[in-house]
Amino acid sequence: MINILGVYFSNAPKIVQDFISANKILFENKKIFIIATMGLFSGDGTGCTARLFRKYDATVLGGLHIKMPDCIGDEKVLKKTPEANKALVLQAENKITAAVSELKAGTPLKQGLGIFCHIAGLFGQRLWFYKKTAEYKKKPDIDEDKCIGCGRCAKLCPMDNICIAESKAKSYDRCTMCYRCFSHCPTQALTILGKHVYEQCLLENYK
Ligand SMILES: Cc1cc2nc3c(=O)[nH]c(=O)nc-3n(C[C@H](O)[C@H](O)[C@H](O)COP(=O)(O)O)c2cc1C
């Protein structure tokens, strides 16, 4: 079984943690390989997920860290050029191919599962930002002047956290910060961590 997650604050996103816990019976006695995508520094994201799986009696065979174009399009400092992002996607494809060969050969990579990553993730991020992934948030922030009430965000939200009322998007408090609504908003009316839209991370940009 392969589990893929994007690392949030050196942890698994809340939606991923809850998915694993809600389906724990499915993971009993299963062999799992964890792939963690990240912007810069996964720290302990893979390790936290591995510990959760082990709690539910799964065996974690290994892990792979892959850098991807990060989805935080409302923080300018994190943005890369489209060329740099395309290069990351190509590197990711190569890393996955190499990791599959290792897995088939019976020597799976163990990235993110060692004590160094545990300590780096804990002190580098989780001690300070643990709460960010422990709860859902009252997000996204919606600029009503820009919102045209098209409802795309509400349809795409995996948490059913957005509704349209009086022709405007409204958010509840169940946001897992996945940036799906943000990236697909046609009028750039939504923000999550930052205050301005610098880049919308759309798959078609990387083909
Ligand atoms: C709320 C949030 C927190 C993040 N925290 C980290 C982080 O701690 N380290 C990192 O390298 N990338 C971080 N990222 C970047 C994501 O790991 C990266 O964009 C990942 O590929 C997203 O995958 P997804 O689109 O499947 O959620 C974060 C992204 C978000 C939205």
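Quick look at the structure, then. The structure displayed is predicted, hence computed values, not measured ones. (Residues numbered from 1 in each chain as written. Predicted model: local features only at pLDDT ≥ 70, side-chain atom pairs only at ≥ 80, totals over all residues. Heavy atoms only, no water.)

Taken together, 18 residues are adjacent to the ligand, and V7, F9, L40, F41 and Q125 come closest. Note that an oxygen atom of the ligand is positioned 2.9 Å from one of the side-chain N or O atoms of T37. Within the contact set of the ligand, an oxygen atom lies 3.1 Å away from a backbone nitrogen or oxygen of C71. In isolation the ligand offers 640 Å² of accessible surface; the protein chains occlude 83% of this area. Per-class residue counts for the shell around the ligand are 11 nonpolar, 6 polar and 1 charged. (Near = heavy atom within 4 Å. Polar contact = N/O pair within 3.5 Å; in protein donor to acceptor, adjacent residues only side chain to side chain. Areas by Shrake-Rupley, 256 points an atom, 1.4 Å probe, with all protein chains shown as cover. Nonpolar A, V, L, I, M, F, W, Y, C, P; charged D, E, K, R; others polar.)

It is worth spelling out unusual backbone geometry at this point. A cis amide bond, omega -10°, links K139 with the succeeding residue P140. When you line up the elements, P140 lands in the loop between helix 5 (115-134) and strand 4 (141-142). Even without glycine at this site, S10 takes up a positive phi of about 55°. Within the element layout of this structure, S10 appears in the loop between strand 1 (2-6) and helix 1 (14-22). For S10, a relative accessible area of 0% gives the class buried. At E166, a position not held by glycine, the phi torsion is positive, near 50°. (Helix = DSSP H or I, 4+ residues; strand = E, 2+ residues; numbered from the N terminus. Buried < 20%, exposed > 50% of the residue type's maximum accessible area, 1.4 Å probe, protein only.)

Note that all results are geometric; they support no functional claim without further evidence.
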